[in-house]
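Here are the chains, one letter per residue:
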Amino acid sequence: MNLKKPATFDEQICILEKHGISINNCNHAKDILKFVNYYRLTGYALQFRVSENESLYTGNISFDDVYNIYKADEHLRNLLRLYIEKAEIYYRTQIAYGFAISKCTVPPYDQHYNENNFYDKDGYNHVMVNFGREKDYYKDSLIVKHHKDKYSGKMPIWVMVELMSFSGLSKLYKSMYISEKSEIAKAIGVNYTTLENHLHCLSVLRNKCAHGARLYNTEFYPPAKFTSEFLKRNPEIKNNSLFAYILILLKRLPDKQSKQELIESVQNLIEQYKNDIDIKLMGFPTNYISVFNNNL
């Protein structure tokens with residue numbers, strides 16, 4: 001079967017109008033399509049389709065309606081990146097410190113290079129293979145050059161985690177023995193299975209934000225882990241929603257000020273785009289502010 005034939009920007013506008021999206025200013029729409037891929041932009045119109053299997057849209061949907069949702073999503077990604085970075089730096093520190101103090105206490109202090117110090121050896125080896133690629137990517141950095149010249153390329157774990165992707169960090173933690181995972185999680189104030197899940201969720205959210213993926217009207221995997229008590233109190237919250245992932249970020253931020261700033265920033269964004277977005281399509285309950293505040 002042939003793939004779809006490429007369409008010029010003018011043809012893309014015609015296709016949108018044919019499918020039921022009104023365009024008041026074709027030149028303005030064309031300028032946007034030159035910057036935002038047609039395929040990316042139309043992902044923000046999925047909720048307006050007559051059905052999942054049709055390209056026709058319902059009601060009086062305009063190009064600007066779709067573009068405003070795109071802008072809200074772009075704004076939200078940029079906002080979340082600021083707070084994910086705070087969490088990411090904190091957990092790099094906690095995981096490296098916790099493992100080093102537990103395992104890397106006798107010469108040559110390189111026990112993190114020994115797969116026998118990890119429960120999930122396949123998972124650990126997968127992390128290390130990927131880390132080798134990451135280290136090669138940073139081969140011109142002073143950090144890599146220094147450790148190559150002085151330590152034959154080996155690094156202390158607290159250096160290693162600074163070059164490792166957040167996804168790699170999450171998998172490294174998951175591959176540890178329960179004893180190490182529990183001590184790290186205990187210092188943070190959560191159990192290790194919850195921390196495992198939350199690190200995975202944050203790595204997914206981070207990658208979506210970093211790569212410009214759509215957050216709006218999207219299901220997330222893995223489902224976020226909450227206590228049974230929380231779920232009983234909040235049965236309307238779906239653990240595979242954007243709201244659930246933002247709530248995980250809120251819970252895992254290391255300081256109260258950052259938590260308060262995140263809540264205020266999200267609230268302001270929703271207020272700014274209240275006429276454009278449907279918060280239900282992000283999994284937000286109507287009482288989302290009180291849910292946020294109860295998790296400070």
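You'll find the structure just up there.
Overview of the structure.

### Some remarks on the overall build of the protein chain
For step 1, the next point in the chain: Helix and strand counts for the protein chain stand at 14 helices and two strands.
For step 2, the next point in the chain: Considered along the principal axes of its C-alpha atoms, the protein chain spans approximately 70 × 45 × 35 Å.
For step 3, the next point in the chain: Taken over 296 residues, the protein chain has a buried fraction of 44%.
For step 4, the next point in the chain: In the protein chain, of all internal contacts separated by at least 6 residues, the share reaching a separation of at least 24 is 63%.
For step 5, the next point in the chain: Accessible area for the protein chain stands at about 16600 Å²; split by element, carbon and sulfur atoms hold 50% of it.
For step 6, the next point in the chain: Mean positive and mean negative side-chain charge positions of the protein chain (38 and 33 charges, respectively) differ by 3 Å.

### Side note on helix H8 (residues 166-175)
For step 1, the next point in the chain: The element H8 is extensively covered by neighbouring structure, given that seven of its 10 residues are classed as buried.
For step 2, the next point in the chain: Tucked inside the fold, the buried residues of H8 contact helix H4 (63-103), helix H5 (121-137), helix H7 (157-163), helix H9 (178-188) and helix H10 (192-210).

### Focus on the state of the cysteines
For step 1, the next point in the chain: For the structure on display, the rule yields zero disulfides.
For step 2, the next point in the chain: Here Cys-14 is not cross-linked by a disulfide; its sulfur's nearest cysteine counterpart is in Cys-26, at 7.7 Å.
For step 3, the next point in the chain: On the basis of relative accessibility, which here comes to 36%, the residue Cys-26 falls in the partly exposed class.

### Comments concerning the layout of surface pockets
For step 1, the next point in the chain: The computed volume of the largest pocket comes to approximately 530 Å³.
For step 2, the next point in the chain: As for the largest pocket, its lining consists of 15 residues, of which Lys-4, Tyr-38, Tyr-39, Thr-42 and Arg-49 are closest to the centre.
For step 3, the next point in the chain: Taken together, the elements giving at least two residues each to the lining of the largest pocket come down to helix H1 (9-18) and helix H3 (38-42).
For step 4, the next point in the chain: Tallying contributions element by element places H3 first for the lining of the largest pocket, with three residues.
For step 5, the next point in the chain: Here the lining of the largest pocket is composed, by residue class, of six nonpolar, six polar and three charged.

### Remarks on the side chain of Thr-42
For step 1, the next point in the chain: Mapped onto the elements of the fold, Thr-42 is located in helix H3.
For step 2, the next point in the chain: Leaving out residues up to four positions away in the same chain, Thr-42 has contacts with Leu-16 and Tyr-57.

### A look at the packing of aromatic side chains
For step 1, the next point in the chain: Per the counting criterion, the structure on display carries 14 aromatic pairs.
For step 2, the next point in the chain: Arranged with centres 4.8 Å apart and planes meeting at 40 degrees, the rings of Phe-220 and Tyr-245 form a pair that is tilted. Taken together, the positions of Phe-220 in the loop between H10 and helix H11 (228-233) and Tyr-245 in helix H12 (residues 242-252) put the pair 25 residues apart, joining distant regions of the chain. For the pair formed by Phe-220 and Tyr-245, the shared burial category is buried.
For step 3, the next point in the chain: Aromatic ring contacts, followed pair by pair, group Phe-243, Phe-284, Tyr-288 and Phe-292 into a single cluster.
For step 4, the next point in the chain: The ring of Tyr-113 has Lys-154 sitting right over it, with the charged end atom 5.2 Å from the ring centre.
For step 5, the next point in the chain: A cation over a ring is seen here: Arg-214 above Tyr-44, with NZ or CZ 6.0 Å from the ring centre.

### Overview of unusual backbone geometry
For step 1, the next point in the chain: Residue Pro-108 is bonded to the preceding Pro-107 through a cis peptide linkage, with omega at 10 degrees.
For step 2, the next point in the chain: Its location among the elements puts Pro-108 in the loop between H4 and H5.
For step 3, the next point in the chain: A cis geometry characterises the amide bond from Tyr-221 onward to Pro-222, with omega recorded as 5 degrees.
For step 4, the next point in the chain: For Pro-222, the location among the structural elements is in the loop between H10 and H11.
For step 5, the next point in the chain: Of note in the backbone geometry, Asn-217 takes a positive phi value of approximately 55 degrees without being a glycine.
For step 6, the next point in the chain: Of note, Asn-217 is situated in the loop between H10 and H11.
For step 7, the next point in the chain: By relative accessible area, which is 25% here, Asn-217 ends up partly exposed.

### What to know about the packing of H12 against helix H13 (residues 256-272)
For step 1, the next point in the chain: Direction vectors running N to C along H12 and H13 enclose 155 degrees, while the axes themselves pass 8 Å from each other. By the angle between their axes, H12 is roughly antiparallel relative to H13. Facing H12, whose interface residues are Ile-246, Leu-249, Leu-250, Lys-251 and Arg-252, H13 presents Lys-259, Leu-262 and Ile-263.
For step 2, the next point in the chain: Broken down by class, the residue content of the contact of H12 with H13 amounts to five nonpolar, no polar and three charged.

### Notes on the environment of Lys-174
For step 1, the next point in the chain: As for its placement among the helices and strands, Lys-174 is situated in helix H8.
For step 2, the next point in the chain: Setting aside anything within four residues of it in sequence, one finds Lys-174 in contact with Lys-181 and Glu-196.

### Let's talk about the pattern of salt bridges
Two side chains that carry opposite charge are able to pair once their charged atoms sit near each other.
For step 1, the next point in the chain: Counted by the stated rule, this structure contains nine salt bridges.
For step 2, the next point in the chain: Here Glu-88 ties to Arg-92 by a salt bridge, and the two come within 2.4 Å at their closest N and O atoms. Note that Glu-88 and Arg-92 are positioned in helix H4 at a spacing of four residues, about one turn of the helix. Comparing Glu-88 with Arg-92, the two get one shared label, buried.
For step 3, the next point in the chain: Residue Arg-206 is joined to Glu-88 by a salt bridge in which the shortest nitrogen-to-oxygen separation is 3.4 Å. Here Arg-206 is found in helix H10, whereas its partner Glu-88 is found in helix H4, with 118 residues between them in sequence.
For step 4, the next point in the chain: Overlapping salt bridges bring together Glu-88, Arg-92 and Arg-206 as one network.

What counts and what doesn't
- Residues numbered from 1 in each chain as written.
- Predicted model: local features only at pLDDT ≥ 70, side-chain atom pairs only at ≥ 80, totals over all residues.
- Heavy atoms only, no water.
- Helix = DSSP H or I, 4+ residues; strand = E, 2+ residues; numbered from the N terminus.
- Buried < 20%, exposed > 50% of the residue type's maximum accessible area, 1.4 Å probe, protein only.
- Contact = heavy atoms within 4.5 Å.
- Areas by Shrake-Rupley, 256 points an atom, 1.4 Å probe, with all protein chains shown as cover.
- Lys, Arg positive; Asp, Glu negative; His and termini not counted.
- Charge placed at Lys NZ, Arg CZ, Asp CG, Glu CD.
- Disulfide = S-S within 2.5 Å.
- 1 Å grid on protein atoms, 1.4 Å probe; cavity = no way out; pocket = protein on both sides within 12 Å on 5 of 7 lines; lining within 4 Å.
- Points joined across faces, edges and corners; volume = space filled by probe spheres on them.
- Nonpolar A, V, L, I, M, F, W, Y, C, P; charged D, E, K, R; others polar.
- Phe/Tyr/Trp six-rings, centres within 6.5 Å; stacked < 30°, edge-to-face > 60°.
- Lys NZ or Arg CZ within 6 Å of the ring centre and 35° of its normal.
- Axes fitted to C-alpha atoms, helices over the stretch in contact; angles between N-to-C directions.
- Parallel < 35°, antiparallel > 145°, perpendicular 65-115°, else oblique.
- Salt bridge = Lys/Arg side-chain N within 4 Å of Asp/Glu carboxyl O.

Structural measurements only, silent on function.
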